[in-house]
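Structural description and commentary
Chain by chain, the residues:
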Amino acid sequence: MKVRLENIVKKYGHTIAVDDFSAELKDGHLICLLGPSGCGKSTILNMLCGIADVTAGKIFFDDKDVTKLPPDQRNIGMVFQNYALYPHMTVLENIAFPLEVQKVKKEERIKRVEEISKLVHVDNLLKRFPGELSGGQQQRVAIARALVKKPQLLLMDEPLSNLDARLRLEMREEIRRIQQETGVTTVFVTHDQEEAMSISDSIILMKDGKLIQNDLCQTLYKEPNCLFVSEFLGNPPINKLKITENEEVGIRNEELNFKNVEKLFSDKSNLNFDNIKSDLILAVRPESFVLGGEYSAEVVSISEMGKEQFFTLKIFGQTVHAILNTDDEYKKGDCIKVGIKNKGVFLFEAESGKRLV
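Note that this is a predicted model, so its numbers are computed, not measured.

**Regarding the overall build of the protein chain**
- Counting its secondary structure elements, the protein chain contains 9 helices and 17 strands.
- Dimensions of the protein chain, computed from C-alpha atoms along their principal axes, come out at roughly 80 × 50 × 35 Å.
- When the 357 residues of the protein chain are sorted by exposure, 50% land in the buried category.
- Taking all contacts inside the protein chain whose residues are at least 6 apart in sequence as the whole, residues at least 24 apart take part in 66%.
- Where the 48 positive side-chain charges of the protein chain centre and where its 53 negative ones centre are 5 Å apart.

**Observations concerning the pattern of salt bridges**
- This model, assessed by the stated rule, comprises 13 salt bridges.
- Where Arg-168 meets Asp-192, a salt bridge forms, and the shortest distance between an N and an O atom there is 3.3 Å. You can see Arg-168 sitting in helix H5 (residues 165–182) and its partner Asp-192 sitting in the loop between strand S8 (185–190) and helix H6 (193–199), a full 24 residues away along the chain.
- If you follow the salt bridges from partner to partner, you end up with Arg-140, Glu-170, Glu-174, Arg-177 and Glu-181 in one network.

**Focus: the sheet that holds strand S9 (residues 202–207)**
- Read across the sheet, 6 strands follow the order S6-S7-S8-S3-S9-S10 without closing on themselves; strand pairing throughout is mixed. Two strands bound the open sheet, and with one partner strand each, they are strand S6 (76–79) and strand S10 (210–216). Strand-to-strand twist of the sheet, defined as the mean angle between neighbouring strand axes without regard to direction, takes the value 15 degrees.
- In the sheet, strand S7 (residues 153–157) pairs with S8 via 5 bridges, with the strands oriented parallel. Each residue of the ladder has a partner; that of Leu-153, found in S8, is Thr-185.
- Sitting on the sheet, helix H4 (residues 135–147) is in contact with S6 and S7, with an inclination near 170 degrees to S6.
- On the sheet, H5 packs against strand S3 (30–34), S7 and S8 and is oriented at approximately 135 degrees with respect to S3.

**Side note on the packing of aromatic side chains**
- For the structure shown, the criterion picks out 5 aromatic pairs.
- Between Phe-346 and Phe-348, the aromatic rings sit 6.2 Å apart at their centres with planes inclined by 50 degrees, giving tilted as the arrangement. Of the two residues, Phe-346 and Phe-348, neither departs from the other in class, the shared state being buried.
- When the ring centre of Tyr-12 is taken as origin, the NZ or CZ atom of Lys-10, which lies over that ring, is 4.8 Å away.
- Stacked on the ring of Tyr-221, the Lys or Arg Arg-285 has its end atom at 4.0 Å from the ring centre.

**What about the sheet that holds strand S1 (residues 3–12)?**
- Spatially, 4 strands are ordered S2-S1-S4-S5 in an open sheet, and the strand pairing comes out antiparallel. In this open sheet, the two strands that pair with only one neighbour each are strand S2 (15–25) and strand S5 (64–65).
- In terms of strand pairing, S1 meets strand S4 (residues 56–61) through 5 bridges, oriented antiparallel. The residue of S4 that forms the bridge with Val-3 is Phe-61.
- The sheet strands contacting helix H1 (residues 41–49) are S1, S2 and S4, and the helix crosses S1 at an angle near 115 degrees.

**Re the environment of Lys-341**
- Mapped onto the elements, Lys-341 comes out in the loop between strand S16 (335–340) and strand S17 (345–349).
- By relative accessible area, Lys-341 is classed as partly exposed at 41%.
- Filtering out sequence-adjacent residues up to four positions away, Lys-341 remains in contact with Glu-287, Ser-288 and Val-290.
- Side-chain polar atoms of Lys-341 contact the backbone oxygen of Glu-287, separated by 3.4 Å.

**Side note on the nonpolar core**
- Within the largest apolar cluster, 48 residues are counted, with the highest numbers of intra-cluster contacts made by Ile-95, Ile-143, Ile-175 and Phe-188.
- Counting residues per element, this core draws most heavily on H4, which supplies 6 residues.
- In contact with Ile-143, not counting residues within four places along its chain, are Val-79, Val-120, Met-156, Met-171, Ile-175 and Ile-178.
- In this structure, Ala-23, Leu-45, Ala-52 and Val-66 belong to the second largest nonpolar core, which totals 30 residues.

**Concerning the packing of helix H2 (residues 91–101) against H4**
- Across the interface, H2 lies against H4 with an axial gap of 7 Å and an inter-helix angle of 30 degrees. One finds that H2 runs roughly parallel with respect to H4. Pair H2 / H4 crosses with right-handed handedness. Here Val-91, Asn-94, Ile-95 and Pro-98 of H2 come into contact with H4, specifically with Val-141, Ala-144 and Arg-145.
- Among the residues forming the contact of H2 with H4, the class breakdown is 5 nonpolar, 1 polar and 1 charged.

Cut-off values and rules
- Every chain is numbered on its own, with residues counted from 1 as its sequence reads.
- Reporting in this predicted model follows two pLDDT cut-offs: at least 70 for local features of residues, and 80 or more for side-chain atom pairs to be given and counted; totals over whole chains, interfaces and linings ignore these cut-offs and use all residues.
- The basis for the side-chain values is all heavy atoms of the structure; hydrogens and waters are excluded.
- By definition, any uninterrupted DSSP run of H or I lasting at least four residues is a helix, any uninterrupted run of E lasting at least two residues is a strand, and each is numbered from the N terminus.
- Under the scheme applied here, a residue whose accessible area is under 20% of the maximum for its type counts as buried, over 50% as exposed, and between as partly exposed, the area being computed with a 1.4 Å probe on protein chains only.
- Pairs of residues are marked as contacts when any of their non-hydrogen atoms sit within 4.5 Å.
- Positive charges come from Lys and Arg, negative ones from Asp and Glu, while His and the chain ends are left out of the count.
- Charge coordinates come from a single atom per side chain, which is NZ of Lys, CZ of Arg, CG of Asp or CD of Glu.
- By salt bridge we mean one thing: a side-chain nitrogen of Lys or Arg within 4 Å of a carboxyl oxygen of Asp or Glu.
- Between any two strands, at least two bridges found by DSSP are needed for them to pair.
- Axis definition: a line fit to C-alpha positions, over the contact stretch in the case of helices; interaxial angles, taken between N-to-C directions, run 0 to 180 degrees.
- Each aromatic pair joins two rings of Phe, Tyr and Trp (for Trp, the six-membered one) with centres within 6.5 Å, and gets the label stacked for planes under 30 degrees apart, edge-to-face for over 60, and tilted for any other angle.
- Should the NZ of a Lys or the CZ of an Arg lie within 6 Å of a ring centre and within 35 degrees of the ring normal, that charge is described as sitting over the ring.
- Pairing of N or O atoms within 3.5 Å defines a polar contact, subject to two protein rules: one partner must be a possible hydrogen donor and the other a possible acceptor, and residues neighboring in sequence count only if both atoms are side-chain atoms.
- The term nonpolar core refers to a set of buried residues drawn from Ala, Val, Leu, Ile, Met, Phe, Trp, Tyr and Cys, joined through side-chain atoms within 4.5 Å.
- The scheme is simple: roughly parallel for angles under 35 degrees, roughly antiparallel for over 145, roughly perpendicular for 65 to 115, oblique for anything else.
- Should the near helix be turned anticlockwise from the far one by less than a right angle, the crossing is left-handed, and should it be turned clockwise, the crossing is right-handed.
- Three classes are used: nonpolar for Ala, Val, Leu, Ile, Met, Phe, Trp, Tyr, Cys and Pro, charged for Asp, Glu, Lys and Arg, and polar for all others, with Gly counted as polar.

The following block contains the structure:
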């Protein structure tokens, strides 16, 4: 099922939680709502399921206006952060509960529970109670309960946040597998950018109740439309270098000036730096630094990241983080030469965050 949100606004008194939000969620896709705490992600989810009313705007499921429909008429499955399993019921009874509410016959209930429990790999746990399950098993049961009524839309509100790091990785893969096998349109809320990048078909990145960028995962990373997007996605985070308006050619007083930056973008931009009056930010991904180049840098520290080395460098009088592949041995205080690739390098207005290149 395709979902369309048109100019959605949600107000709580004088507070605007969601501000003129419009997006289309493709049929059969897993879409992540990503952003910092308080940006409006869960509010969007609550409006999609009907728990929260819409102050302004409309919500469509395919071409049907569901803006004012109650939750029980939307055919939605919900998976919450705390699982919300009934402790006095067995796994089978928990999964079957939505069908019991719908007054589905017992024989049909059992059949559908057995089918969905195999899909989520809990078919051997049907006689147990929630207290006898691990966190990952409880999460699988919660997903099965949401899917057993065959919803057109599955909503997941930070479902992995209560799991330990290793189990989170396992459940990411499982949620992706289950979603692809069922083909149900899924909205997954998280503040974890790695989680969003690994699990989703596309990401809607939000800030202060607004949609900032809606795109494929790698497009957000490779082509951010503003400084906020470039900062939010990436680990280690992107480096932000302040640029001084200096007419001198080359590096003077360890500063990065307009002329240096103009050379970096000479093959990909017609930007006229003579007309720029605002402060700028040069944003460089850590993997976009390379050993050997025209810029001098001092090694501040080095740490290992598997096969790669994570360098902290002092360059242009500023501190940056770089992932460099090298078999050479370096130590704190060494002076090295580095270059900057064309990819993973962006230019933004400092105040507005608008991307220039």
